[in-house]
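A structural walkthrough
Residues per chain, in single letters:
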Amino acid sequence: MPTRRIFLQQTGLIASSLAFSPLSIAQSPKKDRLGVALVGLGYYSTDLIAPALQLTKNCYLAGIVTGTPSKAETWAKKYNIPEKNVYNYQNFDKIADNPDIDVVYVILPPSMHREYVIRAAKAGKHVWVEKPMAMTEKECQDMINACKQNKRSLAVGYRLQHEPNTQEYIKFLREGKIGKIKMVSCSAGYNDNRTTHWKQKKEMGGGVMYDMGVYVLQGARLATGEEPISVTAQQYTTRPEIYKNGLDETTMAQLVFPSGARAAVQTSFGINMNFLHVTGEKGFLKMEPYSAYNGQTGEASGGVKIKHPYDVPRQQAMQMDDDADAIMNNKPLIAPGEEGLRDIRIVEAIYRAAKSGQSVKLT
Ligand code: NAD
């Protein structure tokens, strides 16, 4: 068993509720590499996931699902994808009959995740879905249920949980190296100058709390190892002509954890920022950048340095190799659907808290 997985289990990051073993309930013939079909060939698929699939050893790019015939042609040529493994959104369900495809990876705008995850599960495929998992806790639960009913696994594309710097800081904190955690501050934001992209459309899952917000929630949850019991939140915009009617440009939230630990998280489409700072009874830990595609660097009390360099898109390759390994070898997933649901539940509470100006309970 790889060391990373052992420590995740020891530290409780693969919790008992996450101990879903795909093959214990799904009797698939054993393969040594899984075929992955990407649904949605936008920025993340094109620039990160397809190149990462050229580096993976447990899975490979076997198929594509796209609504744009010209993209289908370019991709098929570039990645040597046979015509029988190219689908569009209408004939996608026929993927059920294609033994080349083991996993469907949904990389669409968040409002489309639920539909395509459920269709993939019904087609008998394991499913990976990008963050944010969906727009509501109910949608996340529907997706989890569909995969369970069809005896398929469901992983969320939380790439950081698979990368060595994140894994090291979590281990450091869980081992009590800075004592009881008292305060976490986590920020993730960038300047998004687009105005008509889905990230600027509320109904498509736009808004920064869904997008970069799940990273700061992950920071707070992974640092404390706890689930928040209440939240307060504030939102503001510097571009009211774009960010209006509940679509957030900048969100700040405060989380209270059962141990008494607190977290202040900030996320923005108008501010470049990216760090995690954890204060414990006996010291501190800081990661900056915190959620980048590479370059994560940490320091902590006692002269501790955290730095495991790698090139882009190795992080995404590690994620997909871990998830394919879990499917093939009947191991728990590092970030299953339940993990995505936990964050969306908090995102919804934060939107409610920001709107009402009141503290929202999560128990
Ligand atoms: P994108 O806009 O670049 O691509 C979206 C794709 O969906 C396009 O190919 C588009 O054609 C397709 N699509 C199909 N129907 C559509 C519709 N009705 N409206 C808009 N697009 C439609 O987006 P992206 O940046 O690739 O993001 C896709 C997913 O990946 C999102 O969930 C996003 O949060 C996630 N993502 C994750 C990371 C990460 O680091 N894990 C990074 C970027 C994006």
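Residues numbered from 1 in each chain as written. Predicted model: local features only at pLDDT ≥ 70, side-chain atom pairs only at ≥ 80, totals over all residues. Heavy atoms only, no water.

In the nomenclature of an unreviewed UniProt entry, the protein chain is known as Gfo/Idh/MocA family oxidoreductase of Larkinella punicea. Per UniProt, the protein chain has the following entry under Sequence similarities (unreviewed entry): "Belongs to the Gfo/Idh/MocA family." (UniProt positions renumbered as here; feature names shortened; annotations may be inferred.)

Computed from the structure, the largest pocket encloses a volume of approximately 720 Å³. Taken together, 30 residues line the largest pocket, and the ones lying closest to its centre are Tyr43, Tyr44, Trp198, Lys199 and Asp211. In terms of residue count, helix H3 (residues 43-52) provides more of the lining of the largest pocket than any other element does, 3 residues in total. Class assignment of the residues belonging to the lining of the largest pocket gives a composition of 16 nonpolar, 7 polar and 7 charged. (1 Å grid on protein atoms, 1.4 Å probe; cavity = no way out; pocket = protein on both sides within 12 Å on 5 of 7 lines; lining within 4 Å. Points joined across faces, edges and corners; volume = space filled by probe spheres on them. Helix = DSSP H or I, 4+ residues; strand = E, 2+ residues; numbered from the N terminus. Nonpolar A, V, L, I, M, F, W, Y, C, P; charged D, E, K, R; others polar.)

Per the UniProt record, "domain: Gfo/Idh/MocA-like oxidoreductase C-terminal" (unreviewed entry) is annotated on residues 172-362. Secondary structure across residues 172-362 divides into 28% helix and 27% strand, with the first and last C-alpha atoms of the span separated by 27 Å.

Moving on, we come to the pattern of salt bridges. Applying the stated criterion across every chain yields a total of 20 salt bridges. Residue Glu115 is joined to Arg119 by a salt bridge in which the shortest nitrogen-to-oxygen separation is 2.7 Å. Here Arg119 and Glu115 lie together in helix H5 (residues 113-122), a separation of 4 residues that amounts to about one turn. The salt bridge partner of Glu339 is Arg221, with a shortest N-O separation of 2.9 Å. In this pair, Glu339 is assigned in helix H11 (residues 337-356) and Arg221 in helix H9 (residues 213-224), connecting sequence segments 118 residues apart. (Salt bridge = Lys/Arg side-chain N within 4 Å of Asp/Glu carboxyl O.)

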